[in-house]
Amino acid sequence: MANNYDFIVVRAGTAGAILAKRLATSLTQPKVALIEAGGKHEGTALRHIYDRFLTTFTHPELDYGYVTSLGARDEFDAWANAVDGPEWGFQSILSSIKKFENLTVELTDEWRKYVQLTAGAYGFLGYILDAGIEAGVSHPISIGLGPATNRQGIRTTSASAFLDQHSLPNLTIIVDLTGVQTGTVFASKEILLSAGAIDTPKLLLLSGVGPKTQLEALGIKVKADLPVGKNLIDHPCVPITYYMGPGFTSRLELQNDAEGFKQAIQELRNGRGPLMKHYSTTPTAFLKSDYLYRSEEFAALSKPSQGLLIQPSVPSFEFAIGGPLIPLDYRFNDPKDSYLNFFVTLMNSQSRGEVTLSSADPLEKPIINPQYLEHPYDCLVLNTAIRESLKWIQAPSLKKFVKWAILAPESDSNIDIEDDPATYVDHNLKVHGLNGLRVADLSVPLELLR
């Protein structure tokens, strides 16, 4: 294996796989190395949509796909204004995505009803849509089914979309780099880190790029004194689950029918059957609340934060509805019964966490302090969101199916990024003060897009 390349891309996740492919197929055809800690998983056994939520529990070493969500126009445009880089604006990002997006719109008669704009066409989602109306949703940014990253019952990943079946002589993929391994590879042009919001900071810190006092305390030679790991943002989520009676959905019947499930697995291998659509997409709702903008917590926010949050396309919170059973080991009395859950999620968190090193040993896990709900406004938003979800449950279209709560509370009725001290990259994602190093993942935005 050669050890000299033009570009090295670190980690083959969502961003890394497409970065490596696009670089390798560019006009100059540079030599590219894609480095991944995990292995190369052959076949599709781990990408079936019917068990995509369970995969993270049965195979915790793996990542898995979700319904796609591009993010709000106003969020991207605010990002572009903050960094004075129009390439990060919504229209520019949308144009880039459409270059590699492949949206399938051919519909069989069985599926055609699911794109009709009537609540009754969506199965149990129809009840959810009706409940939202009955609950008096004042500012629904969007409610419905989103396009999903799967085809014929199989999830599409960055690797399957951009690396599999594409043999390129100038692209070397190096996998299984776990444990203690030694070796050196060189990049004559740039290294692109796409290891994610946790591992990218970890790699930079281990390499001497980060807060000087922290690195020196661990005996790491400082190459650049930058605020790496200081701007960790996440979407805190609260699962709410209700026991639903017969007539709501029949999805548990198949899971409890051993012979029927076995037959469905066989049909899936031939691209047919009920498992083709089981968990194929997730109903979502992105919502706002006027109540939040009249609160003391909102008034205490900075003017730029207030300006972003009140934009019409920027959500306060999200409901992801109809996902996996929480808790997983709950037992039902009747296979004709079922459940409904809301994953109530905070959008545009104001809290900021931190990623630091526990030692200079690269095999040691980093210290992750997310500081969820540290900011008073976040607490208010999530509290408001939970109350809103309970209104939906109490709406007539859903309440008629509810037997009891499985897991739920009781119902009671403009900045320059170059100078910002929280950043360590410029608008081109180049690390300040270092040549040939970029970060290409969500460890760097000042705000986390939905």
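Residues numbered from 1 in each chain as written. Predicted model: local features only at pLDDT ≥ 70, side-chain atom pairs only at ≥ 80, totals over all residues. Heavy atoms only, no water.

Undergrad: Lay out the packing of aromatic side chains with the relevant residues and their values.
TA: The full count for this structure, using the stated rule, is 12 aromatic pairs. Between Tyr-243 and Tyr-330, the aromatic rings sit 6.2 Å apart at their centres with planes inclined by 75 degrees, giving edge-to-face as the arrangement. Of this pair, Tyr-243 sits in strand β10 (residues 237–244) while Tyr-330 is found in the loop between β12 (317–321) and β13 (338–346), placing the two residues 87 residues apart along the sequence. Here Tyr-243 falls in the buried class, since its relative accessible area comes to 0%. What makes Tyr-330 partly exposed here is its relative accessible area of 23%. Their ring planes at 40 degrees and their centres at 4.3 Å tell us that Tyr-243 and Trp-404 sit as a pair that is tilted. Here Trp-404 lies in strand β16 (residues 402–407) and Tyr-243 lies in strand β10, a separation of 161 residues in the sequence. (Phe/Tyr/Trp six-rings, centres within 6.5 Å; stacked < 30°, edge-to-face > 60°. Helix = DSSP H or I, 4+ residues; strand = E, 2+ residues; numbered from the N terminus. Buried < 20%, exposed > 50% of the residue type's maximum accessible area, 1.4 Å probe, protein only.)

Undergrad: Hey, could you go over the nonpolar core for me, with residue numbers and the actual values?
TA: Counting 32 residues, the largest nonpolar core has Phe-319, Leu-340, Phe-342, Val-344, Tyr-377 and Trp-392 as the members making the most contacts within it. In terms of residues, this core owes the most to one element, helix α15 (residues 376–394), which gives nine residues. In this structure, Tyr-5, Ile-35, Ile-174 and Leu-193 belong to the second largest nonpolar core, which totals 21 residues. (Core = buried A, V, L, I, M, F, W, Y, C linked by side-chain atoms within 4.5 Å.)

Undergrad: I'd like to hear about a negative patch on the surface, residue by residue, with values.
TA: A contiguous patch of negative charge on the surface is contributed by Glu-253, Asp-257, Glu-259 and Asp-334. One can find Asp-334 in the loop between β12 and β13. (Patch = residues over 30% accessible without salt bridge, like charges linked within 9 Å, V, L, I, M, F, W, Y side chains within 5 Å. Areas by Shrake-Rupley, 256 points an atom, 1.4 Å probe, with all protein chains shown as cover. Salt bridge = Lys/Arg side-chain N within 4 Å of Asp/Glu carboxyl O. Lys, Arg positive; Asp, Glu negative; His and termini not counted. Charge placed at Lys NZ, Arg CZ, Asp CG, Glu CD.)

Undergrad: For the environment of Ala-385, give the residues involved together with the corresponding values.
TA: With respect to the helices and strands, Ala-385 occurs in helix α15. The buried category is assigned to Ala-385, whose relative accessible area is 0%.

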